[in-house]
Amino acid sequence: AQSVTQLDSQVPVFEEAPVELRCNYSSSVSVYLFWYVQYPNQGLQLLLKYLSGSTLVESINGFEAEFNKSQTSFHLRKPSVHISDTAEYFCAVSPSNSGGSNYKLTFGKGTLLTVNP
Amino acid sequence: DAGVTQSPTHLIKTRGQHVTLRCSPISGHKSVSWYQQVLGQGPQFIFQYYEKEERGRGNFPDRFSARQFPNYSSELNVNALLLGDSALYLCASSQGQMNTEAFFGQGTRLTVV
C-alpha cells in the first residue's frame, strides 16, 4: 500500500518569490512520482513526473521536483512564482513494478498555492 | 486530438436515485480509471479498467460499479445515491495498465440532494 503526505494545506506567497511545496510518501514497493495541478472547476493536469534516471525533473513552466529516496520525498519548487500559478497542487504515487498489482494513483490531500501581487 | 472527455459536466440527483457517468479516453489509450474527489480532498481511486477487464478496485461499496466497452470508453454507475456521494468524479486514461502518464478529464460534478 502507498500513502502520500503533503505537509502544507495552504501556501500563500507574493509574486516573484520562491516557493516549495512539500511531499513525502510511504510505500512497500518502488513507485513512480507525480505532481498534478488543478485550477478551479477543472480536472487535473500533469505538471511533472519521476519514472527513473535523474532525480531532478523539470516542467516547461519553471517548476522542478527532486526525488529523494532516502527521505522518501518529492518536493516541488519554483524560484519565482506568477499570479497564474495560483492553483491546487497534488502529489501522487503509483507502483512501478510489474507484478500485476493495482496500478492506482494515490494522491495527497493537496496544497493550495495562492500567489498574491 | 481530443483529450479525455466526460459527460455530463454537472448533474443533480436525489438520494436513492441511480446515476451513470461516462468517459471517453484519448484515442489509443486502453486504460481508464475512475476517481472520486470530495471537496477539499485529493482524488480517491475507485476503479481501473484495462483491455475491458477490471484490474483494480478501491475501497468503495458495491453500490459503485463500472465497465469498459470495446471502444475503450467507460461508464461509472452508482446506485442508491447518498448525500456523501456528492463529489467531482474524474476519469483518467493511459496507454497501458501502468500509470506512467495518466491524463484526466474535466470531471463530472455530482450533487446529491
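This section reports on the structure supplied with the text. (Residues numbered from 1 in each chain as written. Chains lettered and ligands numbered in written order. Predicted model: local features only at pLDDT ≥ 70, side-chain atom pairs only at ≥ 80, totals over all residues. Heavy atoms only, no water.)

Digging into the layout of surface pockets
The gaps left among the atoms become clear once a water-sized probe is rolled over them.
Line of reasoning, step 1. Its boundaries defined by the atoms lining it, the largest pocket holds a volume of some 310 Å³.
Line of reasoning, step 2. Forming the walls of the largest pocket are 18 residues, and the residues nearest its centre are Q38, N41 and E88 of chain A together with Q37 and L39 of chain B.
Line of reasoning, step 3. Taken together, the residues of the lining of the largest pocket break down into 8 nonpolar, 7 polar and 3 charged.
Line of reasoning, step 4. When its volume is computed, the second largest pocket comes out at roughly 190 Å³.
Line of reasoning, step 5. Lining the second largest pocket are Y25, S27, V29, S30, V31, Y50, L51, S52, F67, K69, T72 and S96 of chain A. (1 Å grid on protein atoms, 1.4 Å probe; cavity = no way out; pocket = protein on both sides within 12 Å on 5 of 7 lines; lining within 4 Å. Points joined across faces, edges and corners; volume = space filled by probe spheres on them. Nonpolar A, V, L, I, M, F, W, Y, C, P; charged D, E, K, R; others polar.)

Some details on the packing of aromatic side chains
Line of reasoning, step 1. The final tally for this structure, using the stated rule, is 13 aromatic pairs over all chains.
Line of reasoning, step 2. Arranged with centres 5.8 Å apart and planes meeting at 55 degrees, the rings of Y36 of chain A and F107 of chain A form a pair that is tilted. Placement of Y36 of chain A in strand β5 (residues 31–38) and of F107 of chain A in strand β11 (residues 106–107) is noted, with a sequence separation of 71 residues between them. Of the two residues, Y36 of chain A and F107 of chain A, both sit in the buried class.
Line of reasoning, step 3. Each ring, one from Y35 of chain B and one from F104 of chain B, has its centre 5.7 Å from the other, and the planes form 50 degrees; the classification is tilted. Of this pair, Y35 of chain B sits in strand β4 (residues 31–37) while F104 of chain B sits in strand β10 (residues 103–104); the two residues are 69 residues apart in sequence, bridging distant segments of the chain. The pair Y35 of chain B / F104 of chain B is uniform in exposure class, with both members buried.
Line of reasoning, step 4. Taken together, the ring pairs in this structure connect F34, Y36, F90 and F107 of chain A together with Y35, F45 and F104 of chain B into an aromatic cluster. (Phe/Tyr/Trp six-rings, centres within 6.5 Å; stacked < 30°, edge-to-face > 60°. Helix = DSSP H or I, 4+ residues; strand = E, 2+ residues; numbered from the N terminus. Buried < 20%, exposed > 50% of the residue type's maximum accessible area, 1.4 Å probe, protein only.)

Section: the interface of chain B and chain A
Line of reasoning, step 1. On the chain A side, the residues contacting the 22 residues of chain B number 23 residues.
Line of reasoning, step 2. At the boundary of chain B with chain A, the tally comes to 1 salt bridge.
Line of reasoning, step 3. For E101 of chain B, the salt bridge is made with K49 of chain A, and the minimal N-O distance between the two is 3.0 Å.
Line of reasoning, step 4. Linking chain B with chain A are 5 residue pairs in polar contact (both at pLDDT 80 or more), by the criterion used here.
Line of reasoning, step 5. Per element, the largest residue contribution to the side of chain B that touches chain A is 3 residues, and it comes from strand β6 (residues 53–57) of chain B.
Line of reasoning, step 6. Taken together, the residues of the side of chain B that touches chain A break down into 8 nonpolar, 11 polar and 3 charged. (Contact = heavy atoms within 4.5 Å. Salt bridge = Lys/Arg side-chain N within 4 Å of Asp/Glu carboxyl O. Polar contact = N/O pair within 3.5 Å; in protein donor to acceptor, adjacent residues only side chain to side chain.)

Thoughts on the sheet that holds strand β7 (residues 64–68) of chain B
Residues and elements named next belong to chain B.
Line of reasoning, step 1. Sheet architecture is open: 4 strands sit in the order β1-β3-β8-β7, paired in antiparallel fashion. Here the strands that pair on one side only, and so sit at the sheet edges, are β1 (5–7) and β7. Going from strand to strand, the sheet's axes swing by 15 degrees on average, the running direction of each strand aside.
Line of reasoning, step 2. Bridging between β7 and strand β8 (residues 74–78) involves 5 bridges; their strand directions are antiparallel. (Pairing = 2+ DSSP bridges. Axes fitted to C-alpha atoms, helices over the stretch in contact; angles between N-to-C directions.)

Things to note about the state of the cysteines
All names here are of chain A.
Line of reasoning, step 1. In total, this model carries 2 disulfides over all chains according to the counting rule given.
Line of reasoning, step 2. The disulfide partner of C23 is C91, and the gap between their sulfur atoms is 2.0 Å. Disulfide C23-C91: torsion about the S-S bond near -65 degrees, hence left-handed. You can see C23 sitting in strand β4 (residues 23–27) and its partner C91 sitting in strand β10 (residues 87–95), a full 68 residues away along the chain.
Line of reasoning, step 3. For C23, a relative accessible area of 0% gives the class buried. (Disulfide = S-S within 2.5 Å.)

Focus on the pairing of β8 of chain B
Residues and elements named next belong to chain B.
Line of reasoning, step 1. Counting buried residues along β8, 5 of its 5 residues qualify, which places the element largely inside the surrounding structure.
Line of reasoning, step 2. The two faces of β8 match: S74, L76 and V78 on one face and E75 and N77 on the other face are all buried.
Line of reasoning, step 3. Two successive antiparallel strands, β7 and β8, enclose a turn made up of 5 residues, where Y72 displays a positive phi of approximately 75 degrees.

A short note on unusual backbone geometry
Line of reasoning, step 1. Residue P8 of chain B follows S7 of chain B across a cis peptide bond; omega there is -10 degrees.
Line of reasoning, step 2. Here P8 of chain B lies in the loop between β1 and β2 (10–13).
Line of reasoning, step 3. The backbone of N41 of chain A sits at a positive phi, close to 60 degrees, despite the residue not being glycine.
Line of reasoning, step 4. Note that N41 of chain A resides in the loop between β5 and β6 (44–50).
Line of reasoning, step 5. Even without glycine at this site, Y72 of chain B takes up a positive phi of about 75 degrees.
Line of reasoning, step 6. By the element assignment, Y72 of chain B lies in the loop between β7 and β8.

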